[in-house]
Amino acid sequence: MPAHPLQRVCYVEDDEDIRKIVRMSLERIGKLTVEVVGDPLLAIEAIKAFKPELVMLDWMMPGMDGPTLYRKMREVPEVCDLPVVFITAKASEKELNELRALGAAGTISKPFSPKDLPQQLRAIWEGLP
């Protein structure tokens, strides 16, 4: 279990409406500091600059999907150890298991309840080694 509570989250999502909902949920309800990135091709640089404790990746995005971005993050020393949670409506159990085997911290299914999202993330955070 991490030594301190979750405070900083970076969320990579191409859908503007979902970005707004997640930001509101995490900032207002969850009292977290959130950096939202709309373009997965810019995500690694934004993550390096923001220095979050946890990263949330949308599964399906144009340009680069979440799993591909996750694999690229694993190659970058500054972000390779960050816990990653996938937000998905479409991933199969086989795909989710493959990502967990690679080290993904968890998954949250769409649709999700904005009021429950902060607690879901904290539960994943508290379950980390």
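Everything discussed here concerns the structure shown above.
Residues numbered from 1 in each chain as written. Predicted model: local features only at pLDDT ≥ 70, side-chain atom pairs only at ≥ 80, totals over all residues. Heavy atoms only, no water.

## Some words on the packing of aromatic side chains
Inference 1: Counted according to the given criterion, the structure contains two aromatic pairs.
Inference 2: With a centroid separation of 5.5 Å and 75° between ring planes, the pair formed by Y70 and F86 is classed as edge-to-face. A residue pair is termed long-range when its members are at least 10 positions apart, and Y70 in helix α3 (residues 66-73) and F86 in strand β4 (residues 84-88) qualify at 16 residues. Each member of the pair, Y70 together with F86, is buried.
Inference 3: If you follow R8 out to its NZ or CZ, it ends over the ring of F50, 4.1 Å from the centre. (Phe/Tyr/Trp six-rings, centres within 6.5 Å; stacked < 30°, edge-to-face > 60°. Helix = DSSP H or I, 4+ residues; strand = E, 2+ residues; numbered from the N terminus. Buried < 20%, exposed > 50% of the residue type's maximum accessible area, 1.4 Å probe, protein only. Lys NZ or Arg CZ within 6 Å of the ring centre and 35° of its normal.)

## Points about the pairing of strand β3 (residues 54-58)
Inference 1: For β3, the buried fraction is high: five of the five residues fall into the buried class.
Inference 2: Of the pairings in the sheet, the one linking strand β1 (residues 8-12) to β3 comprises four bridges and is parallel in character. Bridge assignment links V12 to a residue of β3, and that residue is L57.
Inference 3: Pairing analysis gives four bridges linking β3 to β4, with the strands arranged parallel. When the bridges of β4 are listed, L57 appears paired with F86.
Inference 4: Crossover connection from β3 via α3 to parallel β4: handedness right-handed. (Pairing = 2+ DSSP bridges. Right-handed = clockwise from strand over helix to strand, strands pointing away.)

Just distances and angles here, no functional claims.
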